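What the coordinates show
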Amino acid sequence: MLAAVLEELGRLELRELPEPEIDDDSALLRVEAVSICGSDVRILHHGNPRVKPPAIIGHEAAGVVVKVGKNVTRVKEGDRVAIGADVPCGQCRWCRNGLGNNCAINYAVGYQIPGAFAQYMKLPKLLLDEGPVTRIPDSMDFETAALAEPLACAINGMELVNMGLGKSVVIIGLGPIGCMLIDLARAMGASKVIAVQRSKARLELARFYGADVYICSEEEDVVARCVEETGGEGPDIVITASASVEAHEQAIEMVAHRGYVNLFGGLPKGTRPMSVYSNTIHYKECFVTGSHGSVPRHHELAVHLLAQGRVRVAPLITHRFPLSQIHRAFEVMQNREGMKVMVLPHA
Ligand SMILES: [Zn+2]
Ligand SMILES: [Zn+2]
């Protein structure tokens, strides 16, 4: 099979490898679609302690189960499935309590578990026992299914901000996650969704999602405008889906009393610490939360929402490449030329 192997930092090589061997407790997935995550680009250039080259990365995937070991009950031959990233160990306090994305080991597909930038991928026992492996309906295409992984992370973020009917929501950063959050906020009953983005080009792409207000943060005072758009009170919920420490600060500054902030976007190593007056949090009685990754329950919910069309992802897919052109695919991601870049291993 053809696979893209991370040989060392910064070097991804196309290799002809034998298909992974399946034992009695594992299954084989024919990978039909896998999208490139921002974290894949970071792993390629900066590495990750959980990725030991030579390694196959890629975790936003979907495909068909083509071989099944005799002890496997979770999937059967012919199943069309979406695969997520975080795999709970099943043993620790966090995993036993449904919080596997907080697991200290933090097993993940495309990290310790060989990933999906390949024509075939082994679904090992731990992934089948504990991980995000979700059957998809016949009506769902594989590209949509692959994006259940990032959507699962967005759902995790939404669960941590006490979202509910009638809330006003500000989303800062309109990349793929920010756009999914617009649809999610609506699906969860938002009264007003305010979308904030620095670059004009991305803001225009995100117009499809029909937020109530779009703000270009290069041209306007974001905090003042968001407060004005919420009747002078500030938004009930602010989620920062951008790798910007300024966005984190603005979020806390603008949020309403008793409001919720979710610092969704991680920041590059070496970013200066966030600077906020703790009295702002003190007097507002606001809640500042963080979120990263997801658990299998979120992945199932993501597939469900995608199947219902409550969250739309097709407009986010701006580029498609066969696996043989994976270098070009990573370039497009690095240059931020598009939104979601899809790799099709059998195209
Ligand atoms: Zn991802
Ligand atoms: Zn664990």
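Residues numbered from 1 in each chain as written. Chains lettered and ligands numbered in written order. Predicted model: local features only at pLDDT ≥ 70, side-chain atom pairs only at ≥ 80, totals over all residues.

**Digging into the packing of helix H5 (residues 148-159) against helix H11 (residues 296-308)**
- Relative orientation of the contacting elements H5 and H11 amounts to 110°, with a least axis distance of 8 Å. One finds that H5 runs roughly perpendicular with respect to H11. Within the contact between the two elements, H5 uses Ala148, Glu149, Leu151, Ala152, Ile155 and Asn156 and H11 uses His298, His299, Leu301, Ala302, Val303, Leu305 and Leu306.
- Residue composition of the contact of H5 with H11, by class: 9 nonpolar, 3 polar and 1 charged. (Axes fitted to C-alpha atoms, helices over the stretch in contact; angles between N-to-C directions. Helix = DSSP H or I, 4+ residues; strand = E, 2+ residues; numbered from the N terminus. Parallel < 35°, antiparallel > 145°, perpendicular 65-115°, else oblique. Contact = placed C-beta atoms within 7 Å. Nonpolar A, V, L, I, M, F, W, Y, C, P; charged D, E, K, R; others polar.)

**As for the domain arrangement of the protein**
- For the protein, the assigned domains read domain 1 (2-151 + 294-344) and domain 2 (161-290).
- Domain 1 puts 11 residues into the contact, and the matching count from domain 2 is 10 residues.
- Within the side of domain 1 that touches domain 2, the residues separate by chemical class into 8 nonpolar, no polar and 3 charged. (Domains from an automatic or database assignment.)

**Focus: the sheet that holds strand E11 (residues 192-197)**
- Taken together, 6 strands build an open sheet; the order of strands is E12-E11-E10-E13-E14-E15 and the sheet is parallel. Strands with a single pairing partner mark the edges of an open sheet, and in this sheet they are strand E12 (213-216) and strand E15 (287-290). Taken pair by pair, the neighbouring strands of this sheet meet at an average axis angle of 15°, ignoring direction.
- Both strand E14 (residues 260-263) and E15 contribute to a ladder of 4 bridges, which runs parallel. For Tyr260, the partnering residue across the bridge sits in E15 and is Phe287. (Pairing = 2+ DSSP bridges.)

**Looking at helix H9 (residues 245-254)**
- Residues Ala247, His248, Gln250, Ala251, Ile252 and Met254 constitute the buried set of H9.
- The secondary structure elements touched by the buried residues of H9 are strand E10 (168-172), helix H8 (222-229), strand E13 (237-240), E14, helix H10 (278-284) and E15. (Buried ≥ 20, exposed ≤ 12 C-beta atoms within 10 Å, placed from the backbone.)

**Quick notes on the packing of H5 against helix H6 (residues 176-187)**
- The N-to-C vectors of H5 and H6 enclose an angle of 60°; their axes lie 10 Å apart at closest approach. Taken together, H5 and H6 sit at an angle that is classed as oblique. The handedness of the crossing between H5 and H6 is right-handed. Contacts between H5 and H6 pair Pro150, Leu151, Ala154, Ile155 and Met158 from the former with Pro176, Ile177, Met180, Leu181 and Leu184 from the latter.
- When the residues that make up the contact of H5 with H6 are grouped by side-chain class, the tally is 10 nonpolar, no polar and no charged. (Left-handed = near helix turned anticlockwise from the far one by under 90°.)

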